[in-house]
Amino acid sequence: MRLVRAVGWSSFAALLVAAPAGGKPAQKRGAAVELVLRGDVWTMAGHCDQAIPLYRKAVAADGKDAKAKVRLAHCLIQQGQPPQVEEGQKLLVGLADAPGLAGQMALQEVGDLALAAGDFAAAAQAFEKLAARAPRDGDAQICLLDALAGLAKKGDAAAKARGIELAVRLKVGPWPEAQHHAAELEAVLKFGDAGEDLLIARSKIAMGDVRGAIAVLERVVGKNPGLEEAQALLGTAYASPDVGRRDDARKAWKRAPHVKEALLALGVDAYEGGDLDDAERRLKDAIALDGKYQEAFYQLGLVAKERGDIPAAKSAWSTAKSIDPSSELGRWAATKLQVITGQIDSLAEGQVLDSASEVAIGQRLAEELSRQFGRRDDAALQARLDGILKRLTTVSDRPPGELRYRVMLVDAPMVNALTLPGGTILVFAGIADLIKKMGDSDDAWAAVLGHECAHAALRHGMGMVQVASSLSGARAFGADGSGLADLMNTVSRAHEFEADQFGALYAYRAGFNPAVEIALFEEMRRDMGEIPHGLNHPTDGERVARVRDYLLDLRAKVRGFDLATKALKEGDFDGAREHLEVFLGVFPESLSARSNLVVAIHRKALAALGPSSRFRRATDVDPNSRARPIALHAGEVSVGLKAAPKIDERLLREAAGEYQAALAVDPSYAPALTNLGAALDDLRDHRRARDVLEQAVRVAPQSKEAWNNLAAVAAGMGDTARALAALDKATALEGGYADAWFNRALVLEQAGRAKDAAAAWDRYLSLDSKSGWAEVARNRRAQIK
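This is a predicted model, so every value here is computed, not measured. (Residues numbered from 1 in each chain as written. Predicted model: local features only at pLDDT ≥ 70, side-chain atom pairs only at ≥ 80, totals over all residues. Heavy atoms only, no water.)

(A) Focus on the pairing of strand 1 (residues 406-410). Within strand 1, four of the five residues are buried, leaving the element largely enclosed by the surrounding structure. Of the strand pairs in this sheet, strand 1 and strand 3 (residues 424-428) are connected by five bridges, and their pairing is parallel. Its bridge partner being in strand 3, valine 407 is matched across the sheet by isoleucine 425. (Buried < 20%, exposed > 50% of the residue type's maximum accessible area, 1.4 Å probe, protein only. Helix = DSSP H or I, 4+ residues; strand = E, 2+ residues; numbered from the N terminus. Pairing = 2+ DSSP bridges.)

This is how it looks when you write it as structure tokens:
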């Protein structure tokens, strides 16, 4: 929490020591909770003046509601006027010795405010008391260390000694988030002026003054180039989105080879850049420095997952989880393990919402909000957003035919958007102004509309429907905005995280850059400041972290297309199928993935057949996924001979059906035509196979596989002339196309042209001398005199 102005903190701290616990009897508990939630909406929006009356009503309704009192004190002090500051301090004094969570919340607030005001003695007093009451609260220990460091800077030798002792303890303590901070402050306390500059730089970074931090750190490393802690922090500052000096950041991190955080940063940077080998090496170096470095193990699991090394990913995430299962990172690792193993412990159940009810209630809410705030008349922006929304909803998990998706421009200065039941998206004027500052790109609008579209697609409106059903007439959206606050509070933290990630998925499917969502959250944080922790809404920092993690996971899924292509070449048809089914979860309309998936089914159906004298058909693999890269900053397969080989006709019929489904989407998709012709011929439907392949060569005259397959079918039907003409086309496109030479030799034998057949067999053997098919070719060549 932030402090604008403060007075009299030392005397205030003295009062805390002897402050008695107190409070009025509980009254209308439910009403107080509702009022606090409404007040929190205004606090998140940066309007403490609007939140204060609501918190006062909550305190009046329930004098024991500690959250209402602490929130009220925070907002009063934020206003900065002496009478309000004094009132806020008295509220906190009244709670300081209260048992349980109430007293802890008050002490945390007092300590935060004292730290912000520079009164380190008062802060230390509050955090000492908090740490004694809540010995497992790592945040209290970190804050106490900050206060002791502040006292040490002012010459307090006893505080310096206590600070060093506490920093050493926290470096190996049970709170991973405290370890790095403790190491930095230990350096501050030990290294004198250079260490103090490190603390100043860290504070500047925390306050958003990254460029100021860089100036300090460059001065430090200029005098102390071997101070690795300073180099590591300088790298972090260079890498800030406000600065973007990634090359300089990497150089600074490399000058800190004994700082695990620098090695982690290098590993994450390499991973986000797609260099998995370097990422793995850096992360393992970090783990070598600290065998319990949870974040390094977590990131190592991400790298292994993207490689397709599932056992290594399981091992890394299991270790990350075991280090601290209760931490956020430990929970993330546990979630990754559940997904990768398929062993889901529990899933939150959602309620089914009737679409007609959603639409009807959404219409009423839209009318009320339009009347309350007014519409913004901007025809050009309206048309533009309608087009972007259409692209997003087309690829969403709830198609436009089910909901009436639309955008409504609302003339209110809130930097926000809101999805109503039924698919109406309210876009407030404040978010439009913010996006203009970012360059007014379609990608930024796709981030906003994709998020809101996801709320509708994932049916996050159930709670909103329940609230809306209880609102009527003038009460619906009163002058205090209570109705709107009620609606906004129905969207939970979990809903927001889901909408962030599914919205990024929809933007990616629709052809937009999903990483712009990260830039949008960072711009919101710069423009409005971070919202307080503890509200019914994630902070921008939390959202950035989750979206970045999701996009990296998404990139790994998309990389599965290339892994599937590799698996097809190696004859691992089941592995190819698994990778492609995951890829189709990202891009369900991908013809290249669907076609390759059926190639895997088709080839598995023929796997029982070894090399023989039958004509060779190609199943064409499309190597291009056509998926846009996510940046954060075909041939025959050799198989062994088996006894009594038999084609799996069931799989072949499945393959033919899937090829036809792909052609229903795009009748000119050449790989599907080529492969369908081969499948039909395998099913002995030779006439249909020839018709399909004739269409394939008309659509894709540059496809050697299509010409080869047409030749095989034509020869099988006795049309030698058409077969040879088609093979001429195939070898003209690629002179070293072995399948075509194999088939040419068979056709020439069939035509009684032994001399030409022998030359064709010789040409084939010059291209393939080792496979089982080569053995067939040698035997047939030997029979020609």
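Moving on from the coordinates now.
(B) Spatial organisation of the confidence of the model for the chain. Chain-level pLDDT for the chain is 80 on average; 84% of the residues reach the 70-or-more range. For residues 465-480, every residue scores under 50 in pLDDT, and the model assigns this stretch 31 contacts once sequence neighbours within four places are set aside. Counting interchain partners and residues more than four positions distant, the pLDDT-below-50 stretch residues 634-645 has 26 contacts. (pLDDT = per-residue confidence, 0-100. Contact = heavy atoms within 4.5 Å.)

(C) Structural detail: the environment of isoleucine 784. Along the chain, isoleucine 784 turns up in the segment after helix 38 (772-782). Separated by 35 residues in sequence, isoleucine 784 and glutamate 749 have C-alpha atoms that sit 9.2 Å apart. Here isoleucine 784 is in contact with Glu749, Ala754, Ala757, Ala758 and Trp761, once residues within four sequence places are set aside.

(D) Representation of the packing of aromatic side chains within the structure. The full count for this structure, using the stated rule, is six aromatic pairs. Here phenylalanine 742 and tyrosine 764 contribute two aromatic rings whose centre-to-centre distance is 5.2 Å and whose plane-to-plane angle is 75 degrees, an arrangement assigned as edge-to-face. In this pair, phenylalanine 742 is assigned in helix 36 (residues 738-750) and tyrosine 764 in helix 37 (residues 754-767), connecting sequence segments 22 residues apart. Residue classification places tyrosine 764 among the buried positions, given a relative accessible area of 0%. In this structure an aromatic cluster arises from ring pairing among Tyr298, Trp317 and Trp332. Over the ring of tyrosine 271 we find arginine 555; its NZ or CZ atom is 5.4 Å from the centre of that ring. (Phe/Tyr/Trp six-rings, centres within 6.5 Å; stacked < 30°, edge-to-face > 60°. Lys NZ or Arg CZ within 6 Å of the ring centre and 35° of its normal.)

(E) Structural context of the sheet that holds strand 3. In spatial order, the strands read 1-3-2; together these three strands make up an open sheet with mixed pairing. Each end of this open sheet is capped by a strand with a single partner; those strands are strand 1 and strand 2 (417-419). In this sheet, neighbouring strand axes are inclined to one another by 20 degrees on average, regardless of whether the strands run parallel or antiparallel. Sheet contacts for helix 21 (residues 379-394): strand 1 and strand 3; angle to strand 1, the most-contacted strand, approximately 145 degrees. Along the sheet, helix 22 (residues 429-437) makes contact with strand 1 and strand 3, crossing strand 3 at roughly 65 degrees. (Axes fitted to C-alpha atoms, helices over the stretch in contact; angles between N-to-C directions.)

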